[in-house]
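Each chain, letter by letter, is given below.
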Amino acid sequence: MTRGTRAPLVLGLGIGGFVDGIVVHQLLGWHHMLSGWHPDDLHLNTRADGLFHLLCLVLVVVGVAMLNRAGTLPRRVLWGGVLAGWGVFNLVEGVVDHLVLGVHHVRGGPHELAYDLGFLALGAVLVVLGLLVARERVGR
């Protein structure tokens, strides 16, 4: 993996985290970072969400810095890498936080496993789609 392919992946990790935090945590209000462990402590959960967003910001800034050092990339490599990075975020966060640690679930309640598996499926689709977009076109 070259610097030019790592940079979009790092950027995608940060963007994937932001999409999760903004859409699922804030707009839909389905969970907070620690809602599986501390469901009634909104102050603690809000702080944990803030630290999570700070980590996402660091990933985006590092990804942009890496892109700057990598030079010009083909659009397919950039956007394919971003999609794949977002998918990797979903897969890692989904397995570690949702299934292994139980820190939170995508949406708690009677169908929480279905939501968690859907989140993982979306991650897998994003990785495959990203790899397809980023791959070199034969004959060009």
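Undergrad: So what exactly am I meant to see when it comes to the overall build of the chain here?
TA: Broken down by element type, the chain carries 4 helices and 0 strands. Dimensions along the principal axes, computed over C-alpha positions, put the chain at roughly 55 × 30 × 25 Å. By residue count, 36% of the 140 residues in the chain fall in the buried class. With an accessible surface of roughly 8200 Å², the chain has 69% of that area assigned to carbon and sulfur atoms. Side-chain charges of the chain comprise 10 positive and 9 negative groups, with the mean position of each set lying 23 Å from the other.

Undergrad: Quick question: what am I supposed to make of the environment of Gly 4 here?
TA: Along the chain, Gly 4 turns up in helix 1 (residues 3-27). For Gly 4 and Gly 81, which are 77 residues apart along the polypeptide, the C-alpha to C-alpha distance reads 9.4 Å. With near-sequence residues (within four places) excluded, Gly 4 lies in contact with Ala 70, Leu 73 and Val 77.

Undergrad: What is the right way to read a nonpolar patch on the surface from this model?
TA: Residues Trp 37, Val 88, Val 92, Val 95, Val 96, Leu 99, Val 100, Leu 101, Leu 113 and Leu 117 make up a contiguous nonpolar surface patch of roughly 870 Å² in combined accessible area. Elements that contribute at least two residues to the nonpolar patch include exactly helix 3 (75-100) and helix 4 (112-134). Ranked by the residues each element gives to the nonpolar patch, the list is headed by helix 3, at 6 residues. Structurally, Trp 37 is set in the loop between helix 1 and helix 2 (42-70). We classify Trp 37 as partly exposed; its relative accessible area is 47%.

Undergrad: I'm lost on the nonpolar core in this one. Help?
TA: Within soluble globular proteins, side chains that are nonpolar tend to cluster in buried spots. Within the largest apolar cluster, 9 residues are counted, these being Met 33, Leu 34, Ala 48, Phe 52, Cys 56, Phe 89, Val 103, Val 106 and Phe 119. Here this core gets 3 residues from one element, more than from any other, and that element is helix 2. Sequence-distant contacts of Phe 119, defined by excluding residues within four places in its chain, comprise Asp 20, Phe 89, Asn 90, Glu 93, Gly 94, His 98 and Val 106. Of all hydrophobic cores here, the second largest spans 8 residues; its members include Val 10, Leu 11, Leu 67 and Leu 78.

Undergrad: So what exactly am I meant to see when it comes to helix 2 here?
TA: One turn of the α-helix equals 3.6 residues, which is why residues spaced by three or four share an orientation. Look at helix 2: 41 Å from first C-alpha to last across 29 residues, which is about the 42 Å you get at 1.5 Å a residue. Three or more residues of helix 2 are buried, namely Asn 45, Ala 48, Asp 49, Phe 52, His 53, Cys 56, Val 60, Gly 63, Met 66 and Leu 67. Immediately downstream of helix 2, the backbone of Gly 71 shows phi near 85°, a positive value.

Undergrad: Could you clarify how one ought to interpret the packing of aromatic side chains in this entry?
TA: The relation between two aromatic rings is expressed through the spacing of the ring centres and the mutual angle of the planes. Applying the stated criterion across every chain yields a total of 2 aromatic pairs. Ring geometry for Trp 30 versus Tyr 115: centroids 5.3 Å apart, planes at 70°, classification edge-to-face. In this pair, Trp 30 is assigned in the loop between helix 1 and helix 2 and Tyr 115 in helix 4, connecting sequence segments 85 residues apart. You can call Trp 30 partly exposed: its relative accessible area is 28%. When the centroid spacing of 6.1 Å and the interplanar angle of 40° are considered together, the rings of Phe 52 and Phe 89 count as tilted. Separated by 37 residues along the polypeptide, Phe 52 in helix 2 and Phe 89 in helix 3 bring together distant segments of the chain. Of the residues examined, Phe 52 reaches a relative accessible area of 9% and is grouped as buried.

Undergrad: Please explain the environment of Arg 76 as it appears in this structure.
TA: By the secondary structure assignment, Arg 76 is in helix 3. The class of Arg 76 is partly exposed, set by a relative accessible area of 24%. Polar side-chain contacts of Arg 76 include one of 2.7 Å to the backbone oxygen of Ala 134.

What counts as what
Residues numbered from 1 in each chain as written. Predicted model: local features only at pLDDT ≥ 70, side-chain atom pairs only at ≥ 80, totals over all residues. Heavy atoms only, no water. Helix = DSSP H or I, 4+ residues; strand = E, 2+ residues; numbered from the N terminus. Buried < 20%, exposed > 50% of the residue type's maximum accessible area, 1.4 Å probe, protein only. Areas by Shrake-Rupley, 256 points an atom, 1.4 Å probe, with all protein chains shown as cover. Lys, Arg positive; Asp, Glu negative; His and termini not counted. Charge placed at Lys NZ, Arg CZ, Asp CG, Glu CD. Contact = heavy atoms within 4.5 Å. Patch = residues over 30% accessible without salt bridge, like charges linked within 9 Å, V, L, I, M, F, W, Y side chains within 5 Å. Salt bridge = Lys/Arg side-chain N within 4 Å of Asp/Glu carboxyl O. Core = buried A, V, L, I, M, F, W, Y, C linked by side-chain atoms within 4.5 Å. Expected span 1.5 Å × (residues − 1). Phe/Tyr/Trp six-rings, centres within 6.5 Å; stacked < 30°, edge-to-face > 60°. Polar contact = N/O pair within 3.5 Å; in protein donor to acceptor, adjacent residues only side chain to side chain.

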